[in-house]
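Residues per chain, in single letters:
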Amino acid sequence: MSAKLIKGTEIGEQILEEITAEVGKIKEERGIVPGLVTILVGENPASISYVTLKIKTAHRLGFKEVQDSQPVDISEEALLALIEKYNNDDSIHGILVQLPLPKHIDEKKVLNAIDPDKDVDGFHPVNVGRLMIGGDEVKFPPCTPAGIQELIVRSGVETSGAEVVVVGRSNIVGKPIANMMLQKGKGADATVTIVHTRTRNMAEHCKRADILIVAAGVPGLVKPEWIKPGACVIDVGVNRVGEKPSKNDPNKMVAILKGDVDFEAASEIAGFITPVPGGVGPMTITMLMRNTLRSMKFKLGI
Ligand code: NAP
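A brief report on the enclosed structure follows. (Residues numbered from 1 in each chain as written. Predicted model: local features only at pLDDT ≥ 70, side-chain atom pairs only at ≥ 80, totals over all residues. Heavy atoms only, no water.)

**So, the packing of aromatic side chains**
For clarity, the cut-off: In summary, the pairing rule links any two rings of Phe, Tyr or Trp, Trp by its six-membered ring, whose centres are within 6.5 Å, and it sorts them by plane angle into stacked for under 30 degrees, edge-to-face for over 60 and tilted for everything else. Helix and strand definitions follow DSSP, with helices as H or I runs of at least four residues and strands as E runs of at least two, each counted in order from the N terminus. Summary of the burial criterion: residues with accessible area below 20% of their type's maximum are buried, those above 50% are exposed, and those between are partly exposed, where the area comes from a 1.4 Å probe applied to protein chains only.
On inspection of all chains with the given rule, the structure shows one aromatic pair. Judged by centre distance (6.2 Å) and plane angle (75°), the rings of Phe140 and Phe298 are edge-to-face. Placement of Phe140 in the loop between helix 5 (125-133) and helix 6 (143-154) and of Phe298 in helix 10 (residues 281-300) is noted, with a sequence separation of 158 residues between them. Residue classification places Phe298 among the partly exposed residues on the basis of a relative accessible area of 36%.

**Remarks on the packing of helix 6 against helix 10**
Under the convention used in this document: A fitted line through C-alpha atoms serves as each axis, taken over the contacting stretch for helices, and the angle formed by two N-to-C directions is quoted from 0 to 180°. Geometric relationships in this document are graded by angle, where less than 35 degrees denotes roughly parallel, more than 145 denotes roughly antiparallel, 65 to 115 denotes roughly perpendicular, and other angles denote oblique. Contact definition: two residues touch when any of their heavy atoms are within 4.5 Å. Three residue categories are used. Nonpolar comprises Ala, Val, Leu, Ile, Met, Phe, Trp, Tyr, Cys and Pro, charged comprises Asp, Glu, Lys and Arg, and polar comprises the others, including Gly.
Running from N to C, helix 6 and helix 10 point in directions that differ by 105°, and their axes come no closer than 8 Å. On the basis of the axis angle, helix 6 is roughly perpendicular to helix 10. Contact residues: Cys143, Thr144, Ala146, Gly147, Glu150 and Leu151 in helix 6; Met283, Thr284, Met287, Leu288, Arg290 and Asn291 in helix 10. For the contact of helix 6 with helix 10, the residue count by class is six nonpolar, four polar and two charged.

**Concerning helix 10**
We apply this condition: The span expected for a helix works out to 1.5 Å for each residue beyond the first.
The end-to-end C-alpha separation of helix 10 is 30 Å, in line with the 28 Å expected for 20 residues at 1.5 Å each. Buried residues of helix 10: Met283, Ile285, Thr286, Met287, Leu288, Met289, Asn291, Thr292, Leu293, Ser295 and Met296, and no others. Buried residues belonging to helix 10 abut helix 1 (8-30), strand 2 (35-41), helix 2 (45-60), strand 4 (94-97) and helix 6.

**As for the pattern of salt bridges**
How we decide: The term salt bridge refers to a side-chain nitrogen of Lys or Arg lying within 4 Å of a carboxyl oxygen of Asp or Glu.
This model, assessed by the stated rule, comprises 14 salt bridges. Among the ionic pairs, Glu18 bridges to Arg154, the shortest N-O distance being 2.9 Å. With a gap of 136 residues between them, Glu18 in helix 1 and Arg154 in helix 6 connect regions that are remote in the sequence. Judged by its relative accessible area of 38%, Glu18 falls in the partly exposed class. With a shortest N-O distance of 3.3 Å, Glu204 and Lys207 are connected by a salt bridge. Of the two residues, Glu204 and Lys207 both sit in helix 8 (residues 202-207), three residues apart, roughly one turn of that helix. Look at the salt bridges and you will find they share partners, linking Glu18, Glu150, Arg154 and Arg290 into a network.

**Overview of the site of the ligand**
Put simply, the rule is: For this description, a residue counts as near a given molecule or strand if any of its non-hydrogen atoms is within 4 Å of it. Side-chain atoms alone can form a polar contact between residues adjacent in sequence; in general such a contact is a pair of N or O atoms within 3.5 Å, and within protein one must be able to donate a hydrogen while the other accepts it. Note on areas: Shrake-Rupley with a 1.4 Å probe; residue coverage comes only from the protein chains shown.
Every one of the 20 residues lining the ligand counts as a neighbour, but Arg169, Ser170, Thr197, Val238 and Thr284 are closest to it. Between an oxygen atom of the ligand and a side-chain N or O atom of Thr197, the distance comes to 2.4 Å. Within the side chain of Thr284, an N or O atom sits 2.7 Å from a nitrogen atom of the ligand. Computed on the free molecule, the ligand has an accessible area of 920 Å², of which 68% lies beneath the protein chains in the complex. Considered class by class, the residues forming the shell around the ligand number nine nonpolar, 10 polar and one charged.

**Some thoughts on the sheet that holds strand 4**
The cut-off we apply is this: DSSP bridges decide pairing: two strands pair if at least two such bridges lie between them.
If you walk across this open sheet you meet the three strands as 3-2-4, and the pairing is parallel. In this open sheet, the two strands that pair with only one neighbour each are strand 3 (64-70) and strand 4. Neighbouring strand axes in the sheet, compared pairwise and without regard to direction, differ in orientation by 15° on average. Here helix 2 sits on the sheet and contacts strand 2, strand 3 and strand 4; the angle it forms with strand 2, its principal contact strand, is near 170°. Most of the contacts of helix 10 go to strand 2, to which it runs at about 125°, and overall it touches strand 2 and strand 4.

**Description of the nonpolar core**
Counted only if it meets this: Grouping buried Ala, Val, Leu, Ile, Met, Phe, Trp, Tyr and Cys residues that are joined through side-chain atoms within 4.5 Å yields what is termed a nonpolar core.
By size, the foremost hydrophobic cluster in this structure holds 47 residues, and its most contacted members are Ile19, Ile148, Ile213, Ile234 and Met289. For this core, the element with the highest residue contribution is helix 10, accounting for seven residues. In this structure, Ala3, Val233, Ala270 and Ile273 belong to the second largest nonpolar core, which totals 19 residues.

**Overview of unusual backbone geometry**
Put simply, Leu99 and Pro100 share a cis peptide bond, and its omega is 0°. Mapped onto the secondary structure, Pro100 falls in the loop between strand 4 and helix 4 (107-113). Looking along the chain, the bond that leaves Val276 and enters Pro277 is cis, with omega of 0°. The residue Pro277 is located in the loop between strand 11 (272-273) and helix 10 in this model.

Here you go:
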């Protein structure tokens, strides 16, 4: 392997330590800590494990953390009232509603009810608009794209003037990361192309990329010959391709995860590459924590 491995686990840990230090300092000076509430509706096992991880991380950083679990048959009206309660709670700086929600609830209506100044996921239309404007307007960059940008910057990869190709145009990854790389300033100033299922000659676009960001959800989509020698390859894809016995408990099966890039072959050509798992994945929760801290700092005017 010739590419330098971009380890999200290590970079994420470094950022969590920075957040812990800042939280401790603000607490000492002002007696206030960031508050994060996660609202979980029902008992979907995957949602429970995501929420548990978020709450555990918030706790570790010294945040006030609230896990508000609601029954699967909660009415839309009651859920909206709950969000309003947290919108008006001064000790809460970030509100997160774990998706998916049960079918009788309008997800869009619920997400749009979150105060944009507490929308630490960055999905509210107001925050999407702020991200598009860029610069000082941006309050909460969405977590996975923010994590990608942080990995690139902290790995010392030059973005100014770079050709960035993004594979995928979803609202949670492709479109926001393309927009972020296009903005003026540090970690951006790139020339950006987005490719998707209707793109002609996808390989030709990818071959131009100094930074190739792949978020398609198709295992092994990007072939090694599509990669420019020395390029930085960020593989966002997380695909379950099978099962294997767990290292800790051989009687338990765990998922085999693969990215959207043929990792082994690509790492012989790329200059930098993220592994799956352990690349982009750990950055998402880290950035959620950073956004919650940002929210409190905006409120304090610091
Ligand atoms: P998504 O909403 O399904 O969007 C996938 C995008 O990829 C679409 O724009 C689609 O194009 C494009 N695409 C799919 N197949 C393609 C192909 N053969 N050629 C070109 N473009 C193709 O997915 P997402 O939510 O952005 O997630 C993408 C991947 O990232 C998934 O594996 C997901 O699990 C992973 N992910 C990881 C994290 C994390 O690590 N924290 C967070 C979010 C997502 P069209 O628009 O034309 O259909």
